[in-house]
Amino acid sequence: MTTTTPGPSALRGAVGTARTRIEGREKVTGAARYAGEIPFADLAHGWLVLSTVTRGRILDVETAPVLSMPGVLTVLHHGNAPRLHTDYVGMLGTPPDPTCAVFQNDRVPFAGWPVALVVAETPEEAREAAEALVVTYDSEPHDTALYAEHPGAYAAAGHMPAETEKGDLEAQLAASAFVVDAEYTTPEEQHSMMEPHAATARWEGGRLEVVDSNQGAGWVQGELATMFSLDASSVRVRSEHIGGGFGSKGLRAHQVSAVMAATALNRPVRVVLTRRQTFSLGGYRSPTTQRVRLGAAPDGRLLALEHRSLNQTSTVYEFVEPSAGVARVLYDADAHRTANHVVRLDVPSPTWMRAPGEAPGSFAIEAALDELAERGGIDPIELRLRNEPDVGPVSGLPFAGNNLAACFREGARRFGWADRDPRPGVRREGRWLLGTGTAAASFGAGAAPSTALVTAEADGSFTVRITAADIGTGARTALTLIAADALETAPEQVRVRIGDSDFGPAMIAGGSMGTRSWAWAVTAAAAELRERLAMATSIPPEGITVRSDTTEALGALARKERHSFGAQFAEVAVDTATGEIRVRRMLGVFAAGRIVNPLTARNQLVGGMTWGISMALHEEAVRDRNTGGHYAPDLAGYHVATHADTPAIEVDWVDDHDPDDPVGIKGVGEIGIVGAAAAVANAVWHATGVRHRDLPIRPDRVLSATVPEPAGGAADA
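For clarity, every value in this text was computed on a predicted model and none was experimentally measured.

Peer 1: It is not clear to me how the overall build of the chain should be interpreted in this structure. Could you clarify?
Peer 2: In terms of helices and strands, the chain carries 17 helices and 26 strands. The C-alpha radius of gyration computed for the chain amounts to 26 Å, which stays within 12% of the reference 27 Å derived for 717 residues, consistent with globular compactness. Taking the principal axes of the C-alpha coordinates as reference, the chain spans close to 80 × 75 × 50 Å. For the chain, buried positions account for 60% of its 717 residues. Considering only contacts in the chain between residues 6 or more positions apart, those separated by 24 or more positions represent 82%.

Have a look at this one:
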C-alpha cells in the first residue's frame, strides 16, 4: 500500500471543536462495563471486615465458625496473610499508606481499619460471613479532635515547602491602615464518586492481572509489583471505564486484598467497597483550621499576608492538605508568611481530593480578602487587581502567563458587577435577602513524563496507545482530537486505547496534569510518525509504530510559575427566618490554557463550581468523638448538592496560551472548584451583613447569627 501524508483537506482543526464523548453512547446504553461488572469464570468474592474500635490491638479473629458457613472459601487476616514489602517510595514520592498494606500486624489505628477479608462463592455469602466474623480487641484511648492549638501539631512539607517567610510581618501589620485577623474552618469532605472502588485479581499464565477502577493503571501496577515483590512486567492492570475518582482511586485496601486472595485460592477474586466502607478506606479531604492575617496600606496594597493552615492525618501515615499554598501564588506583600501544619490523630488517612489545598485554602484567603475590602472601602475586584503579583510571590519566578485580571474584567462585565450596591443587607425580594460575591482562583498547570505509542495501520487509520485514565473528564475524546491534529487527519481515523499498564508509563489522571502530560507524549510520537511516513513507500501489515518519551523534554523546561486562573461570581438569596440559602446564579471565567474540547471542558468547570456550592452549603462528614466513627457514613447522612440546589451555572474562558506546551494546554479538572465556595460565602455576607467563617453555612448557623439592620433601609431587588 502506498502512503502519503494527509493533505490540507484532512486538516480539520479538531482541537477547539465541541465533540460528544466517543464512549458516550456505550455509557448511556450500558454497553460500557465498569470494573465491578466485567465477568470472569470461576469468580470468587471478597468482603472486607473493618474494625469496630478506634484504637487498640486485635486479640483474636474467630475464623472457625465463619469457615463452616455456606460458600465461604477462606478468611485472610494478620495471622495468615502474606508479608508485604512496604519500605519504598511510590510514584507520588511517598511510602504507601499502611491502610493499603492490609493484615500486616495486630494494631488498629482508627475506626474502620481493615482487619480481615472473607472470601466466598457469592457476594451475598461473603457479606453474611463477614458480618458474622467475631473479632476481639484490646481497646485503647483515642484522640480524634482537630483544633487550632492542638499540642501535637507540627510543620509538614507534603509536595511543597512546609513554611515560607519574608519580611517583618508584625512590623508591617502594625504599619497597616486596616487589618484582618480571622480563623476559618472547613470540615471533612468525602469524594462520593458515583462508582465505588472495585478490583478483580487473577493469575493468568504466570502473570498477575488486575481489572480495576483507578486513576492510573501504571501507578497501581508499580505499587502492587513492589508491594508483592514482583517484577513489574509480570503485573498487568487494566482500567477501561472509571465512574469518578477525584483523587481517591489510587492504591487502596481492596486491590491488595484481592491479590492476596487470588494468590491463596488460585482463582479470580473480586473485592468491591461499599459506600460506607469508602468513608474510612477511600480517603477524604481533611478538615482544616486556617488563620489569615492581612494588613494593607490606605490604597489597598498588601503590606502583610499570613496564611497558616492545620489539617489532621492518621497516626500511621502523613498527608498534608496544603491549604496555605494558594496564597503563595495569588498575592504578594512586603511581609509574606505561609505555613502548612498537621496533627496526627486516631483517624483514617486523608488523601488527594479535587484541588487539594487550593479548595479549602481559597475559601480562607478569598473570604479574608473580602473582609479586607470591606474594611478599606475598596471594591473586592479592585482590591485583588491592585495586588496582582508580577512574579511568583514566594518563588520569584516569572509567570508562564497570568490572565487573572482578564478573567475578572470579563466576569464583572457579564455578571453586572458595576451595578452592585456594595452595602450589605440592602437588597430584598419578599422574604429573601439578596447578595453577590466574588473570589479568585488559581491551580497549578504541571506536566509529568509520559510515554505513548502511535501506530499507522495498513488500512490508513491510526491507533494511539497510552496508559491514560478517563475518570469522567472526557480524556479519551480529548486525546483523539489532539492526535488527529498532530497526525493531520480526521478524528474518525484515530482510535485511542487507554487504561492498560502494558502501554508503558504515563502520568495519572490527577493534579489537572493528565491531559497536558498525555497530549505532550501523543504529539511527540505523532510528529515522529509523520516523518517516518513521509519516507515510507508502504505500510506493512503490522503497521508502523513510534514510541515517545517526554522525560527529556520536560526536564529541559525553564522554571516558571505555571497556573490556570479564574474569577468566580455568585448571587445568593437568604431567608434569615428559616436559615435557607439558595444560590441563584454563578459565573466562572477562566484562563486555563487552550481548550481542547469546549463541550467536556465546560462540563468539568460546571462540575467543579457545583462542588463549590456543595462545599459552601452542604458537605460535612461528622465524626463521633466518643466512638471515632462517622455519623451516617452514606449519601443519606452526608449531603451533597443536587439538582434542586444547583442554579444555571455559566462558564467561559479567556484566551490563554502556554508557549512552552506543544498543545497549549493548562488543565480544567480542578480550577472550577477553587474560589467557588468563597464566592458563595462572600455573597451570603453581602446579603445578610454576617460573616460565616466556618463551612458549610448550614441553616442553623444562619439562624444563630445576628443580622444587623440594613444600612440605609431595605431595598427591593
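Peer 1: Looking at this structure, how should I read the packing of helix α12 (residues 475–487) against helix α13 (residues 514–535)?
Peer 2: In a packed pair of helices, the relevant descriptors are the angle between the two axes and the axis-to-axis distance. Two elements in contact, α12 and α13, have axes whose closest approach is 9 Å; the angle formed by their N-to-C orientations is 30°. Comparing their axes, α13 and α12 come out roughly parallel. Taken as a pair, α12 and α13 cross one another with a handedness that is right-handed. Contacts from A475, A478, L479, I482, A483, A486 and L487 in α12 reach T515, W518, A519, V522, T523, A526, L529 and R530 in α13. Its residues placed into classes, the contact of α12 with α13 shows twelve nonpolar, two polar and one charged.

Peer 1: Whenever I open this one, the nonpolar core confuses me. Can you help?
Peer 2: Among the nonpolar cores identified, the biggest contains 83 residues, and Y184, L294, I365, F569, V572 and M586 are the most heavily contacted of them. Dropping the residues within four chain positions of it, I365 is found in contact with V292, L294, L305, H307, V326, A327 and Y331. If you look at the next biggest cluster of nonpolar residues, it comprises 45 residues, including A14, I508, L533 and V663.

Peer 1: So what exactly am I meant to see when it comes to the sheet that holds strand β2 (residues 56–62) here?
Peer 2: Two strands in a sheet stick together by hydrogen bonds in their backbones, pointing the same way (parallel) or opposite ways (antiparallel). Strand order in this open sheet of three strands is β4-β2-β6, and the pairing throughout is antiparallel. Single-partner strands in this sheet number two, and they are β4 (107–108) and β6 (134–139). Inspection of the sheet shows β2 paired to β6 by six bridges, in the antiparallel sense. Residue pairing in the sheet places R57 in a bridge with D138 of β6.

Peer 1: Is there a simple way to explain the packing of aromatic side chains in this structure?
Peer 2: Given two aromatic rings, one states the distance between the centres and the angle between the planes to describe the pair. Within the structure shown, the criterion is met by nine aromatic pairs. Measuring from ring centre to ring centre gives 5.9 Å for W417 and F569, while their planes differ by 70°; the resulting arrangement is edge-to-face. Taken as a pair, W417 in the loop between α11 (404–415) and β17 (427–429) and F569 in strand β23 (residues 563–575) lie far apart in primary sequence, 152 residues in all. Residue W417 is classed as buried on the basis of its relative accessible area of 7%. On the basis of relative accessibility, which here comes to 0%, the residue F569 falls in the buried class. Three or more aromatic residues joined by ring pairs make a cluster, and in this case those are F408, F415, W417 and F569.

Peer 1: Whenever I open this one, the environment of I595 confuses me. Can you help?
Peer 2: Mapped onto the fold, I595 is located in the loop between β24 (580–591) and α15 (598–617). Its relative accessible area of 12% is what places I595 among the buried residues. Sequence separation between I595 and T17 is 578 residues, and the spatial gap between their C-alpha atoms is 8.9 Å.

Peer 1: Please explain the sheet that holds strand β12 (residues 235–238) as it appears in this structure.
Peer 2: Overall, mixed pairing links the seven strands, which are arranged β3-β5-β1-β13-β10-β11-β12 in an open sheet. Two strands bound the open sheet, and with one partner strand each, they are β3 (72–77) and β12. Strand-to-strand twist of the sheet, defined as the mean angle between neighbouring strand axes without regard to direction, takes the value 20°. Examined bridge by bridge, β3 and strand β5 (residues 114–120) share five bridges and lie antiparallel to one another. From the neighbouring strand, H77 faces β5, where its bridge partner is A116. Those strands touched by helix α3 (residues 123–132) are β1 (44–50), β3 and β5, and its axis lies near 25° from that of β1. Sitting on the sheet, helix α5 (residues 217–227) is in contact with β11 (207–212) and β12, with an inclination near 145° to β12.

Peer 1: Explain the pattern of salt bridges to me, please; I cannot follow it from the model alone.
Peer 2: For the structure shown, the criterion picks out 59 salt bridges. For E188, the salt bridge goes to R623, with nearest N and O atoms at 3.2 Å. Pair noted here: E188 is in the loop between β9 (178–186) and β10 (198–204) and R623 is in the loop between α15 and β25 (648–653), with a separation of 435 residues, a long-range link. Like E188, the residue R623 is buried in the burial classification. Between R414 and E650 there is a salt bridge, and its shortest N-O distance comes to 2.2 Å. Note that R414 is positioned in helix α11 and E650 in strand β25, a separation of 236 residues in sequence. The exposure class assigned to E650 is partly exposed, which follows from its relative accessible area of 35%. Put simply, E165, E170, R293, E306, R308 and R337 are held in one network by salt bridges that share partners.

Peer 1: Where do I start with unusual backbone geometry in this structure?
Peer 2: Apart from glycine, the bulk of residues carry a negative phi angle, and the bulk of peptide bonds sit in the trans form. Note the cis peptide between L695 and P696, where omega equals -5°. Of note, P696 is situated in the loop between α16 (676–688) and α17 (699–704). Even without being glycine, A632 reaches a positive phi, approximately 45°. Counting through the fold element by element, A632 comes out in the loop between α15 and β25.

Peer 1: Honestly, α11 in this entry has me stumped. Any pointers?
Peer 2: In an α-helix there are 3.6 residues to a turn, and that puts residues three or four apart on one side. With twelve residues, α11 should cover 16 Å at 1.5 Å per step; its first-to-last C-alpha distance of 16 Å lies within 8% of that length. Each element contacted by the buried residues of α11 is listed here: α8 (327–330), α10 (380–386), β18 (432–444), β23 and β24. Positioned one or two residues after α11, G416 has a phi angle of 80°, which is positive.

The rules behind the values
Residues numbered from 1 in each chain as written. Predicted model: local features only at pLDDT ≥ 70, side-chain atom pairs only at ≥ 80, totals over all residues. Heavy atoms only, no water. Helix = DSSP H or I, 4+ residues; strand = E, 2+ residues; numbered from the N terminus. Rg over C-alpha atoms; globule rule 2.2 N^0.38 Å. Buried < 20%, exposed > 50% of the residue type's maximum accessible area, 1.4 Å probe, protein only. Contact = heavy atoms within 4.5 Å. Axes fitted to C-alpha atoms, helices over the stretch in contact; angles between N-to-C directions. Parallel < 35°, antiparallel > 145°, perpendicular 65-115°, else oblique. Left-handed = near helix turned anticlockwise from the far one by under 90°. Nonpolar A, V, L, I, M, F, W, Y, C, P; charged D, E, K, R; others polar. Core = buried A, V, L, I, M, F, W, Y, C linked by side-chain atoms within 4.5 Å. Pairing = 2+ DSSP bridges. Phe/Tyr/Trp six-rings, centres within 6.5 Å; stacked < 30°, edge-to-face > 60°. Salt bridge = Lys/Arg side-chain N within 4 Å of Asp/Glu carboxyl O. Expected span 1.5 Å × (residues − 1).

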